[in-house]
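Here are the chains, one letter per residue:
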Amino acid sequence: MTGFGRAFLPGPVEVHPDVLAALGRPMISPWSDEARALLHGLQPGLRRLFRTGSPVLLAASSATGFLEAAIRNVVTRRVLVLSGGFFGEWVAGVAEACGKEVVRLCVPTGRVVEPDHLARFLGGPPVDAVALVHSDTSTGALAPLADLARVVRERSDALVLVDAVTSIGAVQVETDAWGLDFVFTGSQKALALPPGLALGAASPRLLERAARVRDRGWYFDLRKYDSAARSGRPTQTPALSLLYALERQLGRIDAAGGVEARWDRHAAMLAALERWVDAHPGWAFLAEPGRRSTAVSALTPPAGRTVPDLLRRMRERGYTLTGGLGSLADRVVRIGHMGDLTPAHLGAMLVELGTAAV
């Protein structure tokens, strides 16, 4: 069976046919007035998406490129990384590969760091930044971002760097109101675009700090990206086809009620999945109640059913899901309920998952 609404991956997610069609537009000169109009025209929708008055930065890169950019641009010595899953360790590994000292604040897999825990750590060695994953794609755990950022601001002058790869477009993120200094995502997750674009919002405070860092590199110099976003001129040849797709998707988001309506739809999918788990003994969330992402969930299956077997059975029914990462390989089923999927799509899939596990 084929058709939209059959893939429930944690990324890349399914891309709506209208968005895919935009990829076929002809190429233009990246330095032309037409390209400048395209880049300027993207900014209002992107700012609404990130809830910021600052320009939203765009790069032909995976989201990890902007993660490395954040580290190289503002961390001169030490960064505190909050880690409770595969991608918390991913952040720490990138920072260490950049030659930075990493202090890990670790919690058990599937848990999140709570504000009082973070407050105690901030009393330790000074750090240039606190980096965290908002919605961990490996565990489905959602960090209390607003409260964590508030604690950082109250107790230090560290910058707040946020991996929002599976939260921007699915979960409420208030970049300006919550005092977040760098928030970044990738195109292939909740924005439901093809892979290849990194998107990020940088605070004035971060850009001021970056100006004092001499070895922040060239390709990922965030001040260059900020200047480019303000002028409508790319720093280098942009991924034009992906920008066309982004333009189309931003229009679709606005036409469907804006980012707030998108948050509500994702919340409805999580609520539907929670009801399904409650009604199917043996299934359980890895993440705790109140700390679950509306974009992706990691579920442990009933006894007697292995993850590879369940994934195979679902493929036979025409649905694509995936297993865990790292230590969670073959231990959890990960369900991506994000992008342009709807509660109806999810409900149809869950009917099949219920029978596959019998």
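The structure contained in this document is the topic of the report that follows.

1. Concerning the packing of helix α3 (residues 63-74) against helix α8 (residues 222-231)
Thinking step 1. For the pair α3 and α8, the least separation of the axes is 10 Å and the interaxial angle reads 115°. Touching Phe66, Ala69, Ala70 and Asn73 of α3 are Leu222, Arg223 and Tyr225, all from α8.
Thinking step 2. Considered class by class, the residues forming the contact of α3 with α8 number 5 nonpolar, 1 polar and 1 charged.

2. Some points on the layout of surface pockets
Thinking step 1. When its volume is computed, the largest pocket comes out at roughly 300 Å³.
Thinking step 2. If you trace the largest pocket, you find 18 residues lining it, with Thr64, Phe87, Val165, Gln188 and Lys189 closest to the centre.
Thinking step 3. Taken together, the elements giving at least two residues each to the lining of the largest pocket come down to α3 and α4 (86-97).
Thinking step 4. If you tally residues by element for the lining of the largest pocket, the top one is α3, at 3 residues.
Thinking step 5. A per-class count over the lining of the largest pocket returns 9 nonpolar, 6 polar and 3 charged.

3. Considerations on empty space enclosed by the protein
Thinking step 1. Tallying each qualifying case throughout the model produces 2 cavities of 30 Å³ or more.
Thinking step 2. Its volume calculated, the largest cavity comes out at about 240 Å³.
Thinking step 3. Around the largest cavity, the lining is made up of 20 residues, and of these Leu39, Leu58, Ala59, Pro234 and Thr235 lie nearest the centre.
Thinking step 4. Elements with a contribution of two residues or more to the lining of the largest cavity: α2 (33-50), β1 (56-60) and α8.
Thinking step 5. Sort the elements by how many residues they give to the lining of the largest cavity and β1 lands first, with 5 residues.
Thinking step 6. Of the residues contributing to the lining of the largest cavity, the split by class is 15 nonpolar, 4 polar and 1 charged.
Thinking step 7. If you trace the second largest cavity, you find 17 residues lining it, with Leu82, Gly84, Arg111, Val112 and Val133 closest to the centre.

4. Concerning α8
Thinking step 1. Within the span of α8, buried status applies to Leu222, Tyr225, Asp226, Ala228 and Ala229. Down the axis, α8 shows its buried residues gathered within 165° of arc, on one side only.
Thinking step 2. Two to three positions downstream of the cap, the backbone nitrogen of Arg223 sits 3.0 Å from a side-chain oxygen, assigning the N-cap of α8 to Asp221.
Thinking step 3. At the exit of α8 stands Gly232, carrying a positive phi of roughly 75°.

5. Regarding the pattern of salt bridges
Thinking step 1. Applying the stated criterion across every chain, the model contains 26 salt bridges.
Thinking step 2. One salt bridge in this structure joins Asp226 and Arg230, with 2.9 Å as the shortest N-O distance. Note that Asp226 and Arg230 are positioned in helix α8 at a spacing of 4 residues, about one turn of the helix.
Thinking step 3. When its relative accessible area of 10% is taken as the criterion, Asp226 is described as buried.
Thinking step 4. One network of salt bridges, with partners in common, ties together Arg305, Asp309, Arg312, Arg313 and Glu316.

6. Quick notes on the pairing of strand β11 (residues 333-336)
Thinking step 1. Burial along β11 is two-sided: Val333 and Ile335 and Arg334 and Gly336, pointing in opposite directions, are all buried.
Thinking step 2. Where strand β9 (residues 296-300) meets β11, 4 bridges bridge the pair, whose relative direction is antiparallel. Of the residues in β11, the one forming a bridge with Val296 is Gly336.
Thinking step 3. Sheet topology note: the strand β10 (residues 322-323)/β11 ladder contains 2 bridges and is antiparallel. Bridging from a neighbouring strand, Gly323 pairs with Val333 of β11.

7. Comments concerning the pairing of strand β3 (residues 101-106)
Thinking step 1. Sheet topology places strand β2 (residues 78-83) next to β3; 6 bridges connect them, and they run parallel. The partner of Val81 across the bridge, within β3, is Arg104.
Thinking step 2. In this view, the connection linking β2 to its parallel neighbour β3 by way of α4 has right-handed handedness.

8. Some remarks on the packing of helix α10 (residues 258-279) against helix α12 (residues 343-356)
Thinking step 1. The geometry of α10 relative to α12 is characterised by a closest axis approach of 10 Å and an angle of 20° between their N-to-C directions. The pairing of α10 with α12 is recorded here as roughly parallel in orientation. α10 and α12 meet at a crossing whose hand is right-handed. On the side of α10, the interface is formed by Arg265, Ala268, Met269, Ala272, Leu273 and Trp276, while α12 contributes Pro343, Leu346, Leu350, Leu353 and Gly354.
Thinking step 2. Taken together, the residues of the contact of α10 with α12 sort by class into 9 nonpolar, 1 polar and 1 charged.

9. Concerning the sheet that holds β11
Thinking step 1. Across the sheet, 4 strands lie side by side as β8-β9-β11-β10; this open sheet has antiparallel pairing. Each edge of the open sheet carries a strand with a single partner, namely β8 (284-285) and β10.

10. So, unusual backbone geometry
Thinking step 1. At the junction of Gly11 and Pro12, the peptide bond is cis and its omega measures out at -5° in the coordinates.
Thinking step 2. Along the chain, Pro12 turns up in the segment before α1 (17-22).
Thinking step 3. Even without being glycine, Asp330 reaches a positive phi, approximately 65°.
Thinking step 4. If you trace the backbone, Asp330 turns up in the loop between β10 and β11.
Thinking step 5. Looking at Asp330, the relative accessible area reads 56%, which means it is exposed.

What counts and how
Residues numbered from 1 in each chain as written. Predicted model: local features only at pLDDT ≥ 70, side-chain atom pairs only at ≥ 80, totals over all residues. Heavy atoms only, no water. Axes fitted to C-alpha atoms, helices over the stretch in contact; angles between N-to-C directions. Helix = DSSP H or I, 4+ residues; strand = E, 2+ residues; numbered from the N terminus. Contact = heavy atoms within 4.5 Å. Nonpolar A, V, L, I, M, F, W, Y, C, P; charged D, E, K, R; others polar. 1 Å grid on protein atoms, 1.4 Å probe; cavity = no way out; pocket = protein on both sides within 12 Å on 5 of 7 lines; lining within 4 Å. Points joined across faces, edges and corners; volume = space filled by probe spheres on them. Buried < 20%, exposed > 50% of the residue type's maximum accessible area, 1.4 Å probe, protein only. Arc of directions from axis to C-beta. Polar contact = N/O pair within 3.5 Å; in protein donor to acceptor, adjacent residues only side chain to side chain. Salt bridge = Lys/Arg side-chain N within 4 Å of Asp/Glu carboxyl O. Pairing = 2+ DSSP bridges. Right-handed = clockwise from strand over helix to strand, strands pointing away. Parallel < 35°, antiparallel > 145°, perpendicular 65-115°, else oblique. Left-handed = near helix turned anticlockwise from the far one by under 90°.

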